[in-house]
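# Structural overview for review
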Amino acid sequence: MTGPPLLNDVTSILLRFRANPIALTSDIEKAFLQIRLEPYERKFKKFLWLSDPNYIDSEFVTYQFKSVLFGAVCIPFILNAVFKTQMETDPENQTAPDLKQDIYVDDVISGCSTESEAVQYYEEANKLMDSSGFNLRSWSSNSDVVRKLTEKDDKLKSTPCVGTLGIMQWDSEKDTLMYKDINNMSPDLLTTKREVVSHTASLCDPLGLLSPVNIKAKLLIEDIWKSDIYWDEPLNETMSKAWYPIADDLNQSTRIKFNRRYFDGKTDNVDDNEESLRSRRLPQGKRQNSNCYG
């Protein structure tokens, strides 16, 4: 059984990540393997292995897993249940409530208003996770103060380019984001319904920043479905001509770099107070036509 959903919302994590002047990321080293099974539970997690791996006809030996089985459908729930419980064990840790909502599987994506808050977050997050046997490693930040601190503790990620939830790439030195490459396939090779749908779905955009491009592909897919074309049937000439520029736009969109932070900070310094940050609002708008709205 998968268990009830405990994963934090990806969109909320990314919005908070982009809202703060100081950004921090980390990942939990071998998170799943740190969760041990009770001795009486291990008999349900057995597997066979050759007594001599170099001899295929050697007898089988029975082993038992001592930690949770990576790949089982229930593991994400178990991992997040462990994290949730751990965050509630230290009520005096001021970082625990934030860390609780900043974790997605084994990634930590967070942000702070000031460098002093970022240092406090780093120190308390490490302390909290260390107490339960989890190691926060590969820290990245756009703050020189935090980077120097993590480097001193031998926890700094070796490269400035950081994968963010498998969706974006963050350059922590330039503090810019770009979408993960979608295997820029040549548009003229994508001629079947299956390939069009697959290529379109490979672009994950929970923030909706690429909706002006993505919506064109989705509208074309709607037309393809209405035409009753089979999955591996080539598109007709009209649909193929419509697809080529859309595919090119999808490919080009993953090469666009933009600022991580919503507010450029030109009129303020990195130590903005919380009141100032709360007073800002993201611009909102609405447009619609006969096919879609946004």
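Predicted model only: the values in this text are computed from it and were never measured. (Residues numbered from 1 in each chain as written. Predicted model: local features only at pLDDT ≥ 70, side-chain atom pairs only at ≥ 80, totals over all residues. Heavy atoms only, no water.)

### Here we look at the overall build of the chain
Across its full length, the chain holds nine helices and ten strands. Across the chain, every contact between residues at least 6 apart in sequence was considered, and the portion connecting residues at least 24 apart equals 68%. Here the chain displays about 17800 Å² of accessible surface, and carbon together with sulfur accounts for 52% of that area. (Helix = DSSP H or I, 4+ residues; strand = E, 2+ residues; numbered from the N terminus. Contact = heavy atoms within 4.5 Å. Areas by Shrake-Rupley, 256 points an atom, 1.4 Å probe, with all protein chains shown as cover.)

### Focus on helix 2 (residues 75–87)
Along its 13 residues, helix 2 runs 18 Å from first to last C-alpha, staying within 8% of the 18 Å computed at 1.5 Å per residue. All buried positions along helix 2 are accounted for by I75, L79, N80, F83, Q86 and M87. Viewed along the axis of helix 2, the buried residues span an arc of 125°, placing them on a single side of the element. (Expected span 1.5 Å × (residues − 1). Buried < 20%, exposed > 50% of the residue type's maximum accessible area, 1.4 Å probe, protein only. Arc of directions from axis to C-beta.)

### As for the nonpolar core
Ranked by size, the top nonpolar core spans 31 residues in total, and within it L165, I167, M168, Y179, I224, W243 and L250 carry the most contacts. Contributions of two or more residues to this core are made by helix 1 (10–19), strand 8 (168–171), strand 9 (176–179), helix 7 (211–226) and helix 8 (237–253). In this view, L250 contacts I182, H199, T200, L203, V213, N214, A217 and W243; residues no more than four positions away in its chain are not counted. Residues M87, C112, V119 and A125 belong to the second largest nonpolar core, which totals 29 residues. (Core = buried A, V, L, I, M, F, W, Y, C linked by side-chain atoms within 4.5 Å.)

### Considerations on the side chain of T25
Assignment of secondary structure puts T25 in strand 1 (residues 22–28). Note on T25: relative accessible area 3%, which makes it buried. Aside from chain neighbours lying at most four places away, what touches T25 is F17, V108, I109, S138, W139, S140, V162 and W170.

### Examining the side chain of K155
Position of K155 among the secondary structure elements: in the loop between helix 5 (144–152) and strand 7 (161–164). For the buried residue K155, which engages in no salt bridge, the nearest side chain bearing the opposite charge is D130, 5.0 Å off. In this structure, K155 is in contact with Y122, N126, N135, L136, R137, S138, W139 and T150, ignoring residues within four places of it in sequence. (Lys, Arg positive; Asp, Glu negative; His and termini not counted. Salt bridge = Lys/Arg side-chain N within 4 Å of Asp/Glu carboxyl O.)

### Brief notes about the sheet that holds strand 1
In spatial order, the strands read 4-5-1-6; together these four strands make up an open sheet with antiparallel pairing. A strand with exactly one partner marks an edge of an open sheet, and here the two such strands are strand 4 (103–104) and strand 6 (136–141). (Pairing = 2+ DSSP bridges.)

### Examining helix 7
Relative to the 22 Å expected for 16 residues at 1.5 Å per residue, helix 7 spans 22 Å between its end C-alpha atoms, a close match to the ideal helical length. Those residues of helix 7 not exposed but buried are V213, N214, A217, L220, I221 and I224. Buried residues of helix 7, seen end-on, are gathered within an arc of 120° and therefore sit on one face of the element. The exposed set on the far side of helix 7, more than 90 degrees from its buried face, consists of P212 and K226. Summarising the contacts, the buried residues of helix 7 are in contact with helix 6 (193–201) and helix 8. Residue D228 follows helix 7 closely and has a positive phi angle near 60°.

### A short note on the pattern of salt bridges
Evaluated as defined, the whole model comprises ten salt bridges. With its nearest N and O atoms 3.7 Å apart, the salt bridge here joins D102 to R16. One end of the pair, D102, is in helix 3 (residues 96–102); the other, R16, is in helix 1, and 86 residues separate them in sequence. Under the relative-accessibility criterion, D102 is labelled buried at 4%.

### Some words on the environment of T89
Looking at where T89 falls in the secondary structure, it is placed in the loop between helix 2 and helix 3. Here the alpha-carbon distance between T89 and L128, two residues 39 residues apart in the chain, equals 9.1 Å.

### Details of the sheet that holds strand 8
Strand order in the open sheet formed by four strands is 7-8-9-10, with antiparallel pairing between adjacent strands. Of all strands in the sheet, those with a lone pairing partner are strand 7 and strand 10 (257–259), marking the two edges. Strand-to-strand, the axes of this sheet are offset by a mean angle of 30°, without reference to chain direction. Across four bridges, the pairing between strand 7 and strand 8 is antiparallel. Bridging from a neighbouring strand, G163 pairs with Q169 of strand 8. (Axes fitted to C-alpha atoms, helices over the stretch in contact; angles between N-to-C directions.)

Read these as geometric descriptors, not functional statements.
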